[in-house]
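One-letter residues, chain by chain:
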Amino acid sequence: MHKKLVKFNTGIVHYYFDAEIKYLGQLVDQTNTVLITDENVFSLHQKIFKNWNTIVLKPGEAYKIQQTVDSVVQQLIELKADRTTTLIGIGGGVITDITGYVASIYMRGISFAFVPTTILALVDASIGGKNGVDVGVYKNMIGVIRQPSFILYDLSFLKTLPQQEWKNGFAEIIKHACIKDAAMFKKLEKQNLLFYQKNPLELSALIKRNVLLKTKIVQKDEFEKSGRKLLNFGHTIGHAIENLYTMPHGEAISIGMVYATNIAEKVLKIKNAGKVSNLLQQYELPTTLKVDRNNVFDVLKMDKKKSKDSIDFILLEKIGSAVIHRISFTQLKNYI
Ligand code: ADP
Ligand code: ZN
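Conventions adopted
Residues numbered from 1 in each chain as written. Chains lettered and ligands numbered in written order. Predicted model: local features only at pLDDT ≥ 70, side-chain atom pairs only at ≥ 80, totals over all residues. Heavy atoms only, no water. Near = heavy atom within 4 Å. Polar contact = N/O pair within 3.5 Å; in protein donor to acceptor, adjacent residues only side chain to side chain. Areas by Shrake-Rupley, 256 points an atom, 1.4 Å probe, with all protein chains shown as cover. Helix = DSSP H or I, 4+ residues; strand = E, 2+ residues; numbered from the N terminus. Nonpolar A, V, L, I, M, F, W, Y, C, P; charged D, E, K, R; others polar. Phe/Tyr/Trp six-rings, centres within 6.5 Å; stacked < 30°, edge-to-face > 60°. Lys NZ or Arg CZ within 6 Å of the ring centre and 35° of its normal. Pairing = 2+ DSSP bridges. Axes fitted to C-alpha atoms, helices over the stretch in contact; angles between N-to-C directions. Contact = heavy atoms within 4.5 Å. Salt bridge = Lys/Arg side-chain N within 4 Å of Asp/Glu carboxyl O. Buried < 20%, exposed > 50% of the residue type's maximum accessible area, 1.4 Å probe, protein only.

Q: Please explain the site of ligand 1 as it appears in this structure.
A: Among the 16 residues in the neighbourhood of ligand 1, the closest are listed as Asp 38, Gly 93, Thr 117, Thr 118 and Thr 160. Gly 93 places a main-chain nitrogen or oxygen 2.7 Å from an oxygen atom of ligand 1. Between Val 94 and ligand 1, the recorded distance is 3.1 Å, taken from a backbone N or O atom to an oxygen atom. Contact with the protein chains covers 89% of the free accessible surface of ligand 1, which is 570 Å². Among the elements that take part in the shell around ligand 1, helix H2 (residues 39-44) stands out by supplying three residues, more than any other. Here the residues of the shell around ligand 1 are counted per class, giving eight nonpolar, six polar and two charged.

Q: How should the packing of aromatic side chains be read in this particular structure?
A: We describe a pair of aromatic rings using the distance from one ring centre to the other and the angle between the two ring planes. For the coordinates displayed, the defined rule picks out 10 aromatic pairs. Through pairs of rings, three or more aromatic residues link up here, namely Phe 170, Phe 195, Tyr 196 and Tyr 283. Against the face of Phe 17 rests Lys 208, its NZ or CZ located 5.2 Å from the ring centre.

Q: Even after reading the chapter, I still don't get the sheet that holds strand E5 (residues 86-91), so can you show me in this structure?
A: The pairing of strands in a sheet happens through backbone hydrogen bonds and is either parallel or antiparallel. Taking strand neighbours across the sheet as the criterion, the seven strands line up as E1-E2-E9-E6-E5-E3-E4 in an open arrangement whose pairing is mixed. In this open sheet, the two strands that pair with only one neighbour each are strand E1 (2-8) and strand E4 (53-57). The average undirected angle you get between the axes of adjacent strands in this sheet is 20 degrees. In the sheet, strand E6 (residues 111-116) pairs with strand E9 (residues 150-152) via two bridges, with the strands oriented parallel. Pairing of Phe 114 across the sheet is with Ile 151, part of E9. Running at roughly 160 degrees to E4, helix H4 (residues 66-78) makes contact with strand E3 (33-38), E4 and E5 of the sheet. Helix-sheet contacts for helix H10 (residues 200-220) involve E1 and strand E2 (11-17), and the interaxial angle to E1 is about 20 degrees.

Q: Teacher, can you tell me more about the pattern of salt bridges here?
A: When the charged atoms of two side chains lie near each other, side chains of opposite charge can form a pair. In the structure shown here, the tally under the stated rule is 17 salt bridges. The salt bridge partner of Lys 22 is Glu 20, with a shortest N-O separation of 3.1 Å. For Glu 20, a relative accessible area of 36% puts it in the partly exposed group. Salt-bridge contacts for Glu 265 lead to Lys 271; the nearest nitrogen and oxygen are separated by 3.8 Å.

Next up, the structure:
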């Protein structure tokens, strides 16, 4: 196991890389801990939950809502959880987001930790302290920034991860490569999904590289005043189409990244859309979608990152380097 202590403004997080879930008993007091997971992870990995207080939620983004939060709070009260209890989210991004959020409001805040079990949660959702739930079509409309006390990385969970979820996670990995890591982009170009599924050491190294890349961005700008915004590459249009067309997050942001690179070609007069879209296709992600422009626009206008008549877009200057660019809605309408 490789332990790393990471300092954020809002707290210190211990990362336990190359760890195993069985260490959990050494990290927390089993009698005063509640595990939160979803039905899929619970039924595929039942042994792990034996002898632990566990709350099992329905799987999927559709349940990342206030109603689920209320039901978890109710169950915590029934389990007599108090201010000294630790919540541990074991699952994908939906589970880590809900766990962090509930832990932040239950009795005005109790400690929490994550065991991410999807690629997306490993490299993205579990890092950086953003926790919350969706409201209607608006993603992550309510939430907090608060750090878990630790993140435990046990990649053996990935043995049961469906192919679709691998693709979703690689969309975020490709995003990281696009905005910050040209060398990783090149490396990814030489491989494919199957390579990483068959080579645990390569996968582990890739995940660690992505965890540290995102961590560094968040450390420099935890409250998303500048640099952290770059992580929204592909997400502005991505989130809009994800909710309008109920697509998996990875597919939606894959299309969002292609839209954003096309816009960058027009605004910055550069050429890199081809490379980005080829890499996405290589990892079995979609790059086109027929969208209803007006519907997409209505949702964009409610985006958290917008101001009155313009919106911040993340554009690639070149592979491995992104910039924040303010675009007016009038301009944008011409570009889409
Ligand atoms: P995210 O993609 O944000 O991580 P979810 O938390 O919704 O999103 O997880 C995606 C799906 O994968 C859910 O249906 C969840 O139950 C399932 N899942 C999570 N981890 C595993 C795993 N290790 N094996 C099998 N299915 C999993
Ligand atoms: Zn994302």
